[in-house]
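Listed below, chain by chain, are the residues.
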Amino acid sequence: MFLGNSDVIGEDGAQPADREACTVLEALHRISGKWAIGILLNVSHGPVRFTELERAIPGISRRMLTLTLRNLERDGLLERTVHATVPPKVEYRGTAMADELYASLKGLAGWAERHREAISRSRAAYDGEQGAASGTGR
C-alpha cells in the first residue's frame, strides 16, 4: 500500500502523508493487538484491578498484561490509579476515548461470536481441501 508522495518531503525528512498515515496505522495496530481488545472490553464496565484482568483474559502472561496496559495508558485509552494501601491497590479505567471505542469493539466481538461456527466450518473445509490438494501435487 502506497501512502505518500515521494516528491513532497517535510523538514524532518518524512513525507507529510506518511506521518499522518503512520499515526492512524499505529493506533489501529495498538487496539488490534492480541490482548488489547480483551483488556478494553473488560475495563469498559468500570475500574478493574490487575489480577481481575489477569483472570479474565485466558492465556495472557503477567508480562504481556503489564506491557499492554502500559501501552494503552500511553496512548490515552486507560487511566491507572494507585491507591495508597498496603499492599498498593492498582486499578485501570477506560478513558473517554476508550468509551468511544467500546461501541465498535462490542460490535466486532458480537460479529465474531455470531460467525464463530461458520468460520470454524470454513476453516475445516479449507484445510480439508488443502490437505487433499497437497496429496495430488498441487
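Residues numbered from 1 in each chain as written. Predicted model: local features only at pLDDT ≥ 70, side-chain atom pairs only at ≥ 80, totals over all residues. Heavy atoms only, no water.

A word on helix H2 (residues 36-43). For H2, the set of buried residues is Ala36, Ile39, Leu40 and Val43. Taken end-on, H2 shows its buried residues confined to a sector of 95°, consistent with a single buried face. (Buried < 20%, exposed > 50% of the residue type's maximum accessible area, 1.4 Å probe, protein only. Helix = DSSP H or I, 4+ residues; strand = E, 2+ residues; numbered from the N terminus. Arc of directions from axis to C-beta.)

What follows deals with a nonpolar patch on the surface. A cluster of nonpolar residues, Val24, Leu25 and Leu28, forms a patch on the protein surface that exposes about 260 Å² of accessible area. Its location among the elements puts valine 24 in helix H1 (residues 16-31). On the basis of relative accessible area, valine 24 is assigned to the partly exposed category, the value being 47%. (Patch = residues over 30% accessible without salt bridge, like charges linked within 9 Å, V, L, I, M, F, W, Y side chains within 5 Å. Areas by Shrake-Rupley, 256 points an atom, 1.4 Å probe, with all protein chains shown as cover. Salt bridge = Lys/Arg side-chain N within 4 Å of Asp/Glu carboxyl O.)

The next point concerns the pairing of strand E2 (residues 78-83). One ladder, built from six bridges, connects E2 with strand E3 (residues 89-94); its direction is antiparallel. By the bridge assignment, valine 82 is partnered in E3 with valine 90. Between E2 and E3, which pair antiparallel and follow one another directly, the connecting turn spans five residues. (Pairing = 2+ DSSP bridges.)

Following the sequence through the fold, arginine 30 ends up in helix H1. Sequence separation between arginine 30 and leucine 72 is 42 residues; the distance between their C-alpha atoms is 7.6 Å. If we ignore the near neighbours within four places in the chain, the residues touching arginine 30 are Ala36, Asn71, Leu72, Arg74 and Asp75. (Contact = heavy atoms within 4.5 Å.)

Mean pLDDT over the chain: 84, with 81% of residues reaching 70 or higher. Within the model, pLDDT remains below 50 along residues 1-10, and this stretch shows 15 contacts once partners closer than five positions in the same chain are excluded. (pLDDT = per-residue confidence, 0-100.)

With that settled, consider the sheet that holds E3. Spatially, three strands are ordered E1-E3-E2 in an open sheet, and the strand pairing comes out antiparallel. Taken across any chain shown, the strands that pair with only one partner, and hence form the sheet edges, are strand E1 (48-49) and E2. Across the sheet, H2 lies against E1, E2 and E3, angled at about 65° from E2, the strand it touches most. (Axes fitted to C-alpha atoms, helices over the stretch in contact; angles between N-to-C directions.)

Counting residues in each nonpolar core, the largest one holds 21 residues, and the members touching the most others are Ile39, Leu40, Leu53, Leu69, Leu78 and Tyr92. Of all elements in the fold, only H2, helix H3 (50-56), helix H4 (62-74), E3 and helix H5 (96-135) reach the threshold of two or more residues within this core. It is H2 that provides the largest number of residues to this core, a total of four residues. Non-local contacts of leucine 53, meaning those with residues more than four positions away in its chain, are made with Ile39, Asn42, Val43, Val48, Leu65, Leu69 and Tyr92. (Core = buried A, V, L, I, M, F, W, Y, C linked by side-chain atoms within 4.5 Å.)

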